[in-house]
Amino acid sequence: MNRLRRAGRREVVYDVLLWVLICVFVAAMGPDPFLDPAAFWAMTGAKWGLAAVAVLVGRPYPLAAVALLVPLGPWQFDTGLATWTPDWTALRPGLKIFPFVVTSPFIIWYAYLTGRRLGALWPAAALFCLITAVGALVVLAQGASTELWITMGSGLLFTYLLPYLLGLLRRRLLEQRRQTRLSTEAQARLRERARIARDMHDGLGHDLALIAVRAAGLELAPGLGPEQVKAAGELRVAAADATERLRQIIGLLREDADAAPLSPVDEDVAELVERARSSGLAITLDLTGPVPELAHAVVQEGITNAAKHAPGAPVTVTVSPHLIRVRNGPGRARPTALPGGLGLAGLRERVRLAGGTLTAGPAGDGYELTVELPRAGERDR
């Protein structure tokens, strides 16, 4: 019963107006109420009641409305929306195509709603078979001529089948649109996961690498006792383990996620280099001209990799408007992390989207990360 309730006053008004309209059309089909009032109320009154039930259940159950309006269907053969005069000698001229009665628009509407709202196909197919059987009985009762079969076939096609198929097509298109929207939202969530993952990798990985650098410096500091040296070594190993676990977690967060641009970082390159220098890293900075947007990400990745894979190595950072380079010499201690992190892969994609090129590999006895960015107008050529 809850499904029969209307969502608001507007739906109630619409349905009442629809029922009144059907009643007017049904009254036009029946006997004259002034010449034969008994026949009018017997026939038309019953159809009014049938229409009231159809309108009541038609909004939540349009297929039931189609079934209730079967007695008001296109069972008359003397009118049609089209007239055909065939050349076949077996057919009489003036063949009616699409027999149409005043209640046909309402039946067509509910047939369309059936395709639009009903998920299962078999109830509609079963009802259409039943309606086809009713049409066949009507044709047989009136002589079963070829003209009648063609007239009835066109009536069933245009009154029931085509509206239903149009509604079904509309429902499929809306479902496809909804699936597309959900897929787009899912991809947006994955991209956001990728962005968060890269932020975590670049930020936390960098900080952990600097912690490992400090710990490596403490191990080599003179004047420390064995216990302090051991604690510093354990701290360096713990930082390395945390970096590896972070890499694994980032891999889970980034699984199946497309590359996405990172959020902007407020800290500039000079501050980033100064933080690394205060952590004990021997680093120099050559900064000329305006700093490109990718400079922070590239320098951070280069410093992080140098701290993890070449502890104690001197690092040189060069930044210009179209070139970013981070180069380190040979490390003085064993690496604090395994190769194969995710930061370089994500950075490579960011550089590609910016129209630049990234190269990374051994250079002399150390390692070099270089990013070349296009000049103004080169990317659009």
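Before any of the text, the structure's been laid out above.
Numbers given for residues are sequential positions, taken from 1 along each chain in its written order. Since the coordinates come from a predicted model, pLDDT governs what is reported: local features require at least 70, and pairs of side-chain atoms require 80 or more to be given and counted, while whole-chain, interface and lining totals use all residues. Hydrogens are left out, water is left out, and the side-chain values use all remaining heavy atoms of the structure.

**As for the overall build of the protein**
Rules: Comment: elements are numbered from the N terminus, with helices defined as DSSP H or I runs of at least four residues and strands as E runs of at least two. Throughout, exposure labels follow a simple rule: accessible area from a 1.4 Å probe, protein chains only, divided by the maximum for the residue type, with under 20% read as buried, over 50% as exposed, and the rest as partly exposed. Throughout, a contact is declared for two residues whenever any of their heavy atoms are within 4.5 Å. Computed with the Shrake-Rupley method and a 1.4 Å probe, the accessible areas treat only the protein chains shown as cover for residues.
A count of helices and strands for the protein gives 10 helices and seven strands. Looking at the protein as a whole, 37% of its 381 residues are labelled buried. Considering only residue pairs separated by 6 or more positions, the protein has 69% of its internal contacts joining residues 24 or more positions apart. Accessible area for the protein stands at about 21200 Å²; split by element, carbon and sulfur atoms hold 62% of it.

**Let's talk about the pattern of salt bridges**
The condition that has to hold: Note on definitions: salt bridges are taken to be side-chain nitrogens of Lys or Arg within 4 Å of carboxyl oxygens of Asp or Glu.
Under the criterion given, the structure shown has eight salt bridges. Its salt-bridge partner being glutamate 368, residue arginine 325 comes within 3.6 Å of it at the nearest N-O pair. Taken together, the positions of arginine 325 in strand 5 (residues 323-328) and glutamate 368 in strand 7 (residues 366-372) put the pair 43 residues apart, joining distant regions of the chain. By relative accessible area, arginine 325 is classed as partly exposed at 26%. Under the relative-accessibility criterion, glutamate 368 is labelled buried at 18%. When salt bridges that share partners are traced, they join Glu11, Asp15 and Arg59 into one network.

**A short note on the sheet that holds strand 5**
Basically, it comes down to this: Strands are labelled as partners when DSSP assigns at least two bridges between them. In this analysis an axis means a line fitted to C-alpha atoms, helices contributing only their contacting stretch, and an angle means the value between N-to-C directions, from 0 to 180 degrees.
With mixed pairing, the five strands of this open sheet are ordered in space as 3-4-5-7-6. A single partner strand is all that each edge strand has here, and the edge strands are strand 3 (283-287) and strand 6 (357-363). Here the average twist between neighbouring strands, direction ignored, is 10°. Pairing of strand 3 with strand 4 (residues 315-320), which is carried by five bridges, proceeds in the parallel orientation. Counterpart to threonine 284 in the pairing with strand 4 is threonine 316. Packing against the sheet, helix 8 (residues 269-278) makes contact with strand 3 and strand 4, and its axis sits at approximately 165° to strand 3.

**What about the pairing of strand 5?**
Burial along strand 5 is one-sided: the face carrying Ile324, Val326 and Asn328 is buried and the face carrying Leu323, Arg325 and Arg327 is not. Where strand 4 lies against strand 5, six bridges are found, and the strand directions are antiparallel. When the bridges of strand 5 are listed, valine 319 appears paired with isoleucine 324. Here strand 4 folds back onto strand 5 in antiparallel fashion, the turn holding two residues. Pairing geometry for strand 5 and strand 7, over six bridges, is antiparallel. Of the residues in strand 7, the one forming a bridge with isoleucine 324 is valine 371.

**Section: the nonpolar core**
Rules: What we call a nonpolar core is a set of buried Ala, Val, Leu, Ile, Met, Phe, Trp, Tyr and Cys residues that are connected through their side-chain atoms within 4.5 Å.
Core analysis: the largest hydrophobic core is formed by 30 residues, its most contacted members being Ile22, Val66, Trp75, Tyr110, Ile131, Met152 and Tyr160. When residues of this core are traced back to their parent elements, those giving at least two are helix 1 (9-29), helix 2 (37-58), helix 3 (62-68), helix 4 (104-117), helix 5 (122-141) and helix 6 (146-220). With six residues, helix 6 is the largest single contributor of residues to this core. Look past the residues within four positions of tyrosine 110 in its chain and what remains in contact with it is Leu18, Ala54, Val55, Gly58, Pro62, Ala65, Val66 and Leu69. In this structure, Leu281, Leu294, Ala306 and Leu358 belong to the second largest nonpolar core, which totals 26 residues.

**Some thoughts on unusual backbone geometry**
Phi at phenylalanine 98 takes a positive value of approximately 60°, unusual for a residue other than glycine. Looking at the element boundaries, phenylalanine 98 is found in the loop between strand 2 (95-97) and helix 4.

**Notes on helix 9 (residues 295-309)**
Put simply, the rule is: For a helix, the expected span equals 1.5 Å multiplied by the residue count minus one.
With 15 residues, helix 9 ought to run about 21 Å at 1.5 Å a step, and its terminal C-alpha atoms sit 21 Å apart, in line with that. Most of helix 9 is tucked away: 14 of the 15 residues are buried.

**Looking at the pairing of strand 6**
Looking along a regular strand, one sees the side chains alternate between the two faces of the sheet. By the bridge criterion, seven bridges tie strand 6 to strand 7 in an arrangement that is antiparallel. Looking across to strand 7, one finds that threonine 359 is bridged to threonine 370. In this antiparallel pair of consecutive strands, strand 6 and strand 7, the connection spans two residues, and glycine 364 shows a positive phi of 65°.

All quantities given are derived from atomic positions and should not be read as evidence of function.
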